[in-house]
Amino acid sequence: MIRIKSIETAGKTGERVLLSGWVHSKRDHGKLIFVDLRDRWGIVQVVFSPQNNEVLQEAQRLRGEWVISVEGEIKKRPENMVNPNIINGEIELEAQKLVVLNESKTIPFAVDTDGYEIGDESRMKHRYIDLRRERMKKNLLLRDKITAFVRNFLHVEDFVEIETPILTKSTPEGARDYVVPSRLYPGNFYALPQSPQQYKQLLMVAGLERYFQIARCFRDEDTRGDRQPEFTQLDMEMSFVKREDVMRVNEQLLISLVQKIMPSKKIQEIPFPILSYKEAMEKFGSDRPDLRKDKKDKDLLAFCWVVDFPFFSAECGPASGGEKTKWTFTHNPFSSPKPEYREILMNKEKIGEILTSQYDVILNGFEIGGGSIRNHEPQALRKVFEIMGYSDERIDDNFSHMLEALSNGAPPHGGIAWGLDRLVAILAGEPNIREVIAFPKTGDARDLMMNAPSQIDEKQLKELYLSFTKMPRPSGRGV
Ligand code: ASP
């Protein structure tokens, strides 16, 4: 007999079917045993009765979260047992055959609650159990719907989905890299990408014109708020565009995504308001203002764009003792300045006044994305690195491949990346991105389930020519 899903039971009254899943709950009334059988799609009530006495006896040993298959007849529930508030509340399965596929220990916490009341450590350690709860399943399904929608929308708009490497070279997004030692080239390291920034620009040089990727990014930052060492971006790049073109596609995508996937949500203002960085700071004291008119309304979405950020900020300057100002980029060193500041950049004048072509998209006070039009002229990109005080040698060491690529017929281009975890969390009404990631790390960057990071054995260290001058703490958290 072929197993059917719990949602396929409707309309099968009188038929013999096979259902499989987990014992969600069990109520033993002696002569009758009721089991709520849960599969991915929902719950079906199974009744074990003396009519099939052997099966009834067998059902007595069932415990929560055991995995079972039940064959039986779908029946209409007696009038007084009908529950119109739940799916399958009008039917039940009368068990005629029971197979225990796997037993389960007593699980460490309940899965029939929303789980907020359970300590994070425990949830993370047994994440595969935590994910059984309805709320977590809903979040993962919502995430899947969103990514499927995005993929479809972008394909219709002629974007190509392209994967870029995970083992790569450091990119200067401003955070610390995760590094991977190379066995074949002792003493050399790959870096995990902080974003696919350089690769996506190189794809534009390659002539792909419209790229996207649902890309994993890695940043080794100290624990700061709701961050994860690895997170997901919806990453895009387009050729022959101005910033308005990139903003338009993204705004359309966000609007149609909300309208199709989350029709109960209301977007406060369309088109999205556009604020300059200066305006945002003056009016709201923040470059990611929360523009919601009613912050109590959980269905209100206030998107806006923030543009015209300063390109550089002073890391230290004349104020701190008269030495030369040291500049760093505020967002992305590969951005171009706004066109009217190009000359100033080339002359390396009035550096603090140069505005970048950066645009950030904000939702309810969270930055959910950001991007820019890129500096596609090698001599202008070189100026950016010079302003930041990089020596010619360092520029060539780190960026010669980019400068070289830009010297081989690079089209003007620009793009954006969304913080996909954050967007999904806001749409799911979750306070924390951990709630929308299947297997997140803890706030202090550990995977409690796999017990990572962990030490590796002597042989692996030797192969990599790695040794420690001082052994890390013996807690298994080193390396
Ligand atoms: N790579 C940038 C980031 O990770 C986004 C972009 O400019 O496209 O923030």
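For clarity, every value in this text was computed on a predicted model and none was experimentally measured.

1. Overview of the UniProt feature "binding site: ATP" (unreviewed entry) in the chain
The UniProt record marks R219, D220, E221, Q228, E367, G419, L420, D421 and R422 with the feature "binding site: ATP" (unreviewed entry), using the residue numbering of this structure. Mapped onto the elements of the fold, D220 is located in the loop between β10 (210–218) and β11 (230–239). A residue is classified by how much of its surface remains accessible, and D220, at 24% relative accessible area, is partly exposed. Setting aside residues no more than four positions away along its own chain, D220 makes contact with R176, D177 and Y178. With respect to the helices and strands, the residue E221 is situated in the loop between β10 and β11. Apart from residues lying up to four places away in sequence, E221 is in contact with A175 and R227.

2. Examining the side chain of N250
Within the secondary structure, N250 sits in helix α6 (residues 243–261). A relative accessible area of 0% means that N250 is categorised as buried. Excluding anything up to four places from it in sequence, N250 contacts M236, W305, I416 and W418.

3. A closer look at the site of the ligand
Taken together, 12 residues form the shell around the ligand, and within it Q197, K200, R219, Q233 and R374 come nearest. Contact distances for the ligand include 3.2 Å between a nitrogen atom and a side-chain N or O atom of S195. Here the ligand, which alone exposes 270 Å², has 85% of that area covered by the protein. Contributions of two or more residues to the shell around the ligand are made by α5 (197–205), β19 (366–373) and β20 (413–419). Of the residues that constitute the shell around the ligand, the class distribution is two nonpolar, six polar and four charged.

4. Structural notes on the environment of L18
Tracing the backbone shows L18 in strand β2 (residues 16–28). The exposure class assigned to L18 is buried, which follows from its relative accessible area of 14%. When residues no more than four places from it in sequence are discounted, the contact partners of L18 are M1, I2, R3, I4, S69, V70 and E71.

5. Considering the pattern of salt bridges
In total, this model carries 48 salt bridges according to the counting rule given. Two residues, E161 and R151, come together in a salt bridge whose shortest N-O distance is 2.7 Å. Within this pair, whereas E161 is found in strand β7 (residues 160–161), its partner R151 is found in helix α4 (residues 134–156), the two being separated by 10 residues in sequence. For the salt bridge of E343 with R342, the shortest nitrogen-to-oxygen distance reads 3.3 Å.

6. Examining helix α10 (residues 392–406)
For α10, spanning 15 residues, the distance from its first C-alpha to its last is only 17 Å, which falls clearly below the expected 21 Å at 1.5 Å a residue. The sharpest bend along α10 measures roughly 80° and falls at F399. Looking at α10, one finds that the buried residues are I395, F399, M402, L403, A405 and L406. On its buried side, α10 packs onto α5, α9 (378–387) and β20.

7. Side note on the packing of aromatic side chains
Remark: the centre distance and the inter-plane angle together describe each pair of aromatic rings, the angle taken between the planes. Overall, the coordinates contain 10 aromatic pairs when judged by the stated rule. Ring centres of Y277 and F309 lie 5.4 Å apart, and the angle between their planes is 40°; this geometry places the pair in the tilted category. Remark: F309 occurs in the loop between β15 (303–307) and β16 (312–316) and Y277 occurs in helix α7 (residues 277–284); sequence separation between them is 32 residues. In this structure Y277 comes out as partly exposed when scored by relative accessible area, which is 26%. Both rings, one in W305 and one in Y359, keep their centres 6.2 Å apart while their planes meet at 80°; by these two values the pair is edge-to-face. Of this pair, W305 sits in strand β15 while Y359 sits in strand β18 (residues 359–363), and the two are 54 residues apart along the sequence. Y359 shares its class with W305; the two are buried. By the ring-pair criterion, three or more aromatic residues cluster together here, those being F334, F385, Y390 and F399. The lysine or arginine in question, R135, covers the ring of Y116, its NZ or CZ lying 3.7 Å from the ring centre. Geometry around Y390 places R394 over its ring, the cationic atom sitting 3.7 Å from the centre.

Here is what the cut-offs are and how they apply
- Here, residues in each chain are numbered from 1, in the same order as that chain's written sequence.
- Reporting of local features is limited, given that this is a predicted model, to residues whose pLDDT is at least 70; pairs of side-chain atoms are given and counted only at 80 or more, and all residues count toward the totals for whole chains, interfaces and linings.
- Heavy atoms from the whole structure form the basis of all side-chain values; hydrogens and water molecules are not counted.
- UniProt positions are given in the numbering used here, feature names are shortened, and annotations may be inferred rather than shown by experiment.
- What counts as a helix is a DSSP run of H or I of at least four residues, what counts as a strand is a run of E of at least two, and both are numbered from the N terminus.
- Accessible area is worked out with a 1.4 Å probe on protein chains only. A residue is then buried under 20% of its type maximum, exposed over 50%, and partly exposed in between.
- Residue contacts are defined here by distance: any two heavy atoms, one from each residue, within 4.5 Å place the two residues in contact.
- Any residue with a non-hydrogen atom lying within 4 Å of a molecule or strand is treated as near it.
- Here a polar contact means two N or O atoms within 3.5 Å. Within protein one must be a hydrogen donor candidate and the other an acceptor candidate, and residues neighboring in sequence count only if both atoms are side-chain atoms.
- Exposure was quantified through the Shrake-Rupley algorithm and a 1.4 Å probe, taking into account, for residues, occlusion by the shown protein chains and nothing else.
- Ten residues, namely Ala, Val, Leu, Ile, Met, Phe, Trp, Tyr, Cys and Pro, are considered nonpolar, four, namely Asp, Glu, Lys and Arg, are considered charged, and the remaining ones, Gly among them, are considered polar.
- We define a salt bridge as a side-chain nitrogen of Lys or Arg found within 4 Å of a carboxyl oxygen belonging to Asp or Glu.
- Residue count minus one, scaled by 1.5 Å, sets the expected span of a helix.
- Note that bend, as reported per residue, equals the angle between axes fitted to the 7 residues terminating at that residue and the 7 residues originating from it.
- In summary, the pairing rule links any two rings of Phe, Tyr or Trp, Trp by its six-membered ring, whose centres are within 6.5 Å, and it sorts them by plane angle into stacked for under 30 degrees, edge-to-face for over 60 and tilted for everything else.
- Here, a charge over a ring means that NZ of Lys or CZ of Arg falls within 6 Å of the ring centre while also lying within 35 degrees of the ring normal.

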